[in-house]
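Architecture at a glance
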Amino acid sequence: MRSAAVVGTGLIGTSIALALRGRGVATYLIDRDPEAARNAAGLGAGLVAVPPAPADLAILAVPPQHVASALREHQLRDLALDFTDVASVKVRPQEEAAELGCDLSRYVGGHPMAGRERSGPLAAQGDLFQGKPWVITPGAGARRQAVDRVTELAELCGARPVVMSHAQHDRAVALISHTPHMVASLVAARLLHGDESQLQLAGQGLRDATRIAAGDAELWTDILGSNATAVADVLEEIALDLREVVDALRDLGAGAAAPERQRTSRAHLTTALARGVQGHGRIPVRTPGGMRLSGVAAGK
């Protein structure tokens, strides 16, 4: 890859541009917000300009609801030979791009699985994607050259390319990203009802559990809304588990409950906590030799 155009100079777009510039790729920055583009350029992410000839690849670093319109706009302008996006939802942008008549042979969806709670170009990091998965979702009609270019993009950014279908991707991120964000936000929102004396006792555990709730609310509304059904499915299952836990706690809190019911409720609570330990153990951890399951899942 000799040249790339990055459309959208927020955290992800600017981080990609920094990584590409570090690998010697001529990078052009385009943003409807001139100040954001200038800030990205000031970090060394590239040149604020339209490339003089079609770039090898255009990276659409815009929210999910704008991917299809941005793709159509920049394909009509011959911004690049091939196109990708970095949105965290894949089914809807692909469908909307087809409805708008975009050239899907030159478009391959992508999603780098990395981010930060902070947003904007000044939060960007050139090594943000190092060792992280980068999901690639080629449509049935995507040409080989486009797939190869998006794969090369991921590798230039230090990421691990992972190929999935659009639907597989959206179900996966609903489970491991979108639902956790919503749950963290709901837990953090409860703190609005705590008084100062209670909040003074907060420690690292609460910060860890709510860290991702600090993300941009408007952006996450777009993300969750674009993957609404898959997220709702996971949340519905959590709601059933939560109802069982609430009932068990009510029984345990009512000391007058029959001993047998107390034992059953305690067993329900222990099971819920134990399943949490088991689930946490299935989260892969990064090691010098690659990715593996954590010690609990590995039977240690």
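What comes next concerns the included structure.

1. Quick notes on the pairing of strand 6 (residues 107–112)
When you tally the buried positions in strand 6, you get six out of six residues, the bulk of the element. Residue alternation in strand 6 divides its side chains into two sets, Y107, G109 and H111 and V108, G110 and P112, and both sets are buried. In terms of strand pairing, strand 5 (residues 80–85) meets strand 6 through two bridges, oriented parallel. By the bridge assignment, T84 is partnered in strand 6 with V108. The handedness of the strand 5 to strand 6 crossover, carried by helix 4 (residues 91–99), is right-handed. One ladder, built from five bridges, connects strand 6 with strand 7 (residues 133–138); its direction is antiparallel.

2. Some words on the sheet that holds strand 6
On the basis of which strands lie adjacent, the open sheet formed by eight strands has the order 3-2-1-4-5-6-7-8 and mixed pairing. Whereas interior strands pair on both sides, the edge strands pair on one side only; in this sheet they are strand 3 (47–48) and strand 8 (160–163). Bridging between strand 1 (residues 3–7) and strand 2 (residues 26–30) involves five bridges; their strand directions are parallel. When the sheet's bridge partners are listed, A4 is paired in strand 2 with T27. Contacting strand 1, strand 2, strand 4 (55–60), strand 6 and strand 7, helix 1 (residues 11–22) crosses the sheet at an angle of about 160° to strand 2. Those strands touched by helix 6 (residues 166–190) are strand 6 and strand 7, and its axis lies near 145° from that of strand 7.

3. Describing a nonpolar patch on the surface
Together, V183, V187 and I238 line one region of the surface with nonpolar side chains, adding up to about 190 Å² of accessible area. Relative to the helices and strands, I238 is located in helix 10 (residues 228–253). Exposure remark for I238: the relative accessible area of 34% places this residue in the partly exposed category.

4. Comments concerning a negative patch on the surface
A cluster of acidic residues, D233, E236, E237, D241 and E244, forms a negative patch on the protein surface. With respect to the helices, strands and loops of the structure, E237 is situated in helix 10. E237 sits in the exposed class, given a relative accessible area of 51%.

5. Brief notes about the side chain of T27
Relative to the elements of secondary structure, T27 occurs in strand 2. In terms of polar contacts, T27 uses its side chain to reach the backbone carbonyl oxygen of V25, at 3.0 Å. If we ignore the near neighbours within four places in the chain, the residues touching T27 are A4, V6, A17, L20, R21, A45, G46 and L47.

6. A look at unusual backbone geometry
The backbone phi angle of D78 is positive, close to 55°, even though this residue is not glycine. You can call D78 partly exposed: its relative accessible area is 47%.

7. Considering helix 1
An ideal rise of 1.5 Å per residue puts 16 Å on twelve residues; helix 1 measures up with 17 Å between its terminal C-alpha atoms. When you tally the buried positions in helix 1, you get ten out of twelve residues, the bulk of the element. Taken together, the buried positions of helix 1 are L11, I12, G13, T14, S15, I16, A17, L18, A19 and L20. Among the residues trailing helix 1, G24 stands out with phi positive, at a value near 85°.

8. Structural notes on helix 3 (residues 67–76)
Listed as buried for helix 3 are V67, A68, A70, L71, H74 and Q75. Looking straight down helix 3, one finds its buried side chains confined to an arc of 165°; they lie on one side. Where helix 3 is buried, its residues touch strand 1, strand 2, strand 4, strand 5, helix 4 and strand 6. At the C-terminal side of helix 3, D78 shows a positive phi close to 55°.

9. Considering the pairing of strand 5
Burial analysis of strand 5 places five of its six residues in the buried class, which makes it a mostly covered element. With helix 3 bridging strand 4 and its parallel neighbour strand 5, the resulting β-α-β unit is right-handed.

10. Looking at the packing of helix 6 against helix 9 (residues 217–226)
Two elements in contact, helix 6 and helix 9, have axes separated by 11 Å at closest approach and are oriented at 125°. In terms of orientation, helix 6 lies oblique with respect to helix 9. In terms of crossing hand, the pair formed by helix 6 and helix 9 is left-handed. Within the contact between the two elements, helix 6 uses S177, H178, H181 and M182 and helix 9 uses W220, I223 and L224.

11. A word on the packing of helix 10 against helix 11 (residues 259–280)
Interaxial distance between helix 10 and helix 11 falls to 9 Å at its minimum, and their mutual angle equals 140°. Relative to helix 11, the element helix 10 is oriented oblique. Between helix 10 and helix 11 lies a crossing of left-handed hand. In this structure, helix 10 uses E244, V245, A248, L249, D251 and L252 to contact helix 11, whose residues at the interface are R261, Q262, S265, R266, H268, L269 and A272.

Parameters and conventions
- Residues numbered from 1 in each chain as written.
- Predicted model: local features only at pLDDT ≥ 70, side-chain atom pairs only at ≥ 80, totals over all residues.
- Heavy atoms only, no water.
- Buried < 20%, exposed > 50% of the residue type's maximum accessible area, 1.4 Å probe, protein only.
- Helix = DSSP H or I, 4+ residues; strand = E, 2+ residues; numbered from the N terminus.
- Pairing = 2+ DSSP bridges.
- Right-handed = clockwise from strand over helix to strand, strands pointing away.
- Contact = heavy atoms within 4.5 Å.
- Axes fitted to C-alpha atoms, helices over the stretch in contact; angles between N-to-C directions.
- Patch = residues over 30% accessible without salt bridge, like charges linked within 9 Å, V, L, I, M, F, W, Y side chains within 5 Å.
- Areas by Shrake-Rupley, 256 points an atom, 1.4 Å probe, with all protein chains shown as cover.
- Salt bridge = Lys/Arg side-chain N within 4 Å of Asp/Glu carboxyl O.
- Lys, Arg positive; Asp, Glu negative; His and termini not counted.
- Charge placed at Lys NZ, Arg CZ, Asp CG, Glu CD.
- Polar contact = N/O pair within 3.5 Å; in protein donor to acceptor, adjacent residues only side chain to side chain.
- Expected span 1.5 Å × (residues − 1).
- Arc of directions from axis to C-beta.
- Parallel < 35°, antiparallel > 145°, perpendicular 65-115°, else oblique.
- Left-handed = near helix turned anticlockwise from the far one by under 90°.

Just distances and angles here, no functional claims.
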